[in-house]
Structures are given as C-alpha cells and as structure tokens.
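Here are the chains, one letter per residue:
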Amino acid sequence: MLVPLSWLQEFAPIEGDPAHLGEVLTDLGMVVEDITTSGANWDGIIVAKVLRLAPHPNADKIQLVGVDIGNGESLQICAGVQHERRRPRAAGHRRHHDARWHADCGS
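Predicted, not measured: the structure shown is a model, and the values here were computed from it.

Asks: Residue-level account of the overall build of the protein, with values.
Replies: Helix and strand content of the protein: 2 helices and 4 strands. Secondary structure of the protein in N-to-C order comes out as α-α-β-β-β-β. By the burial criterion, 17% of the 107 residues in the protein qualify as buried. Excluding contacts between residues fewer than 6 apart, the proportion of contacts in the protein whose partners are at least 24 apart in sequence is 34%.

Here you go:
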C-alpha cells in the first residue's frame, strides 16, 4: 500500500526525515519496504508564459510557441499540443547549461 507522507501528517504531527520515520514504523511492526520521493529530479523545470502560437512550417501537428521565461528572455519552442490557447502557461526543462528547452526549435 502506498501512503503519502502528507496523508500521514493529517493524522499525526510528523516531523523530520522520512527515512527515519520509515525505520520507526518498521520497528513498530508496520513494515516500510520503500520510500519514494516525488519530484526529486525536477531541477531545471521552469514555467513560461505563452506569448504567441504559429504553425510549424514542416509539421502538421506541431506548433511553434513563443514563450517568456520570466527573465526578459523570449524563446521559441516546439509543442505538440493544441490546447495552449486556453492555458497561457507552458512547462519546460532547460537542457544542460544553455538557455534552450528540451523541445527547442533551433531559433
């Protein structure tokens, strides 16, 4: 059974390291087999404001999306989704050390 730490905290004042909590629960007879941390590898994820949409010149199901990443820098990315008109935000990941997204269109 998977139990989120936030759910346990609704019933008891739990503080400290989840690994230590797992040891305590196991000592009490409730065996904790594994502890998974969600979002542990989300470094570099950014949310950008969608500025403009344009059809991709070489693809029917991809759009060119102009985004503002919040530091005055505007990027053009490729997006395979069509719902961006209703959602003025897009999530992306910076690749390595440069300012390009994983779905960069090269401009």
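Asks: Break down the pairing of strand β2 (residues 63-68) for me, with residues and values.
Replies: Taken across its 6 residues, β2 has 5 buried, putting it largely inside the fold. For strand β1 (residues 45-55) and β2, the ladder comprises 6 bridges, and the chain directions are antiparallel. The residue bridging Pro-55 from the neighbouring strand is Gln-63, located in β2. Turn length for the β2-strand β3 (residues 74-79) hairpin, with the two strands adjacent in sequence and antiparallel, is 5 residues, and the turn residue Gly-70 shows positive phi of about 100°.

Asks: Which residues make up a nonpolar patch on the surface, and what values go with them?
Replies: On the surface, a cluster of nonpolar side chains totalling about 530 Å² of accessible area is made up of Met-1, Val-3, Trp-7 and Phe-11. For Met-1, the position within the fold is in the segment before α1 (5-11). Residue classification places Met-1 among the exposed positions, given a relative accessible area of 92%.

Asks: Run through the nonpolar core, naming residues and quoting values.
Replies: Ranked by size, the top nonpolar core spans 8 residues in total: Ala-48, Val-50, Val-65, Val-67, Ile-69, Leu-75, Ile-77 and Ala-79. Elements with a minimum of two residues in this core: β1, β2 and β3. In terms of residues, this core owes the most to one element, β3, which gives 3 residues.

Asks: Residues and numbers for the environment of Val-3, please.
Replies: Tracing the sequence through the fold places Val-3 in the segment before α1. Measuring from C-alpha to C-alpha, the distance between Val-3 and Ile-35 comes to 9.7 Å, with 32 residues separating the pair along the chain.

Asks: Any details on the confidence of the model for the protein? Residues and values, ideally.
Replies: It should be kept in mind that the predicted coordinates are not to be read in detail where pLDDT is low. The pLDDT averaged across the protein works out to 77; a share of 77% of its residues lies at or above 70. Element-level mean pLDDT values for the protein span from 68 in strand β4 (residues 89-93) up to 92 in helix α2 (residues 18-27). Within the model, pLDDT remains below 50 along residues 96-107, and this stretch shows 29 contacts once partners closer than five positions in the same chain are excluded.

Asks: So, the side chain of His-56: which residues are in play, and what are the values?
Replies: Mapped onto the fold, His-56 is located in the loop between β1 and β2. Apart from the residues lying within four places of it in its own chain, the contact partners of His-56 are Ile-62, Gln-63, Leu-64 and Cys-78.

Calculation criteria
Residues numbered from 1 in each chain as written. Predicted model: local features only at pLDDT ≥ 70, side-chain atom pairs only at ≥ 80, totals over all residues. Heavy atoms only, no water. Helix = DSSP H or I, 4+ residues; strand = E, 2+ residues; numbered from the N terminus. Buried < 20%, exposed > 50% of the residue type's maximum accessible area, 1.4 Å probe, protein only. Contact = heavy atoms within 4.5 Å. Pairing = 2+ DSSP bridges. Patch = residues over 30% accessible without salt bridge, like charges linked within 9 Å, V, L, I, M, F, W, Y side chains within 5 Å. Areas by Shrake-Rupley, 256 points an atom, 1.4 Å probe, with all protein chains shown as cover. Salt bridge = Lys/Arg side-chain N within 4 Å of Asp/Glu carboxyl O. Core = buried A, V, L, I, M, F, W, Y, C linked by side-chain atoms within 4.5 Å. pLDDT = per-residue confidence, 0-100.

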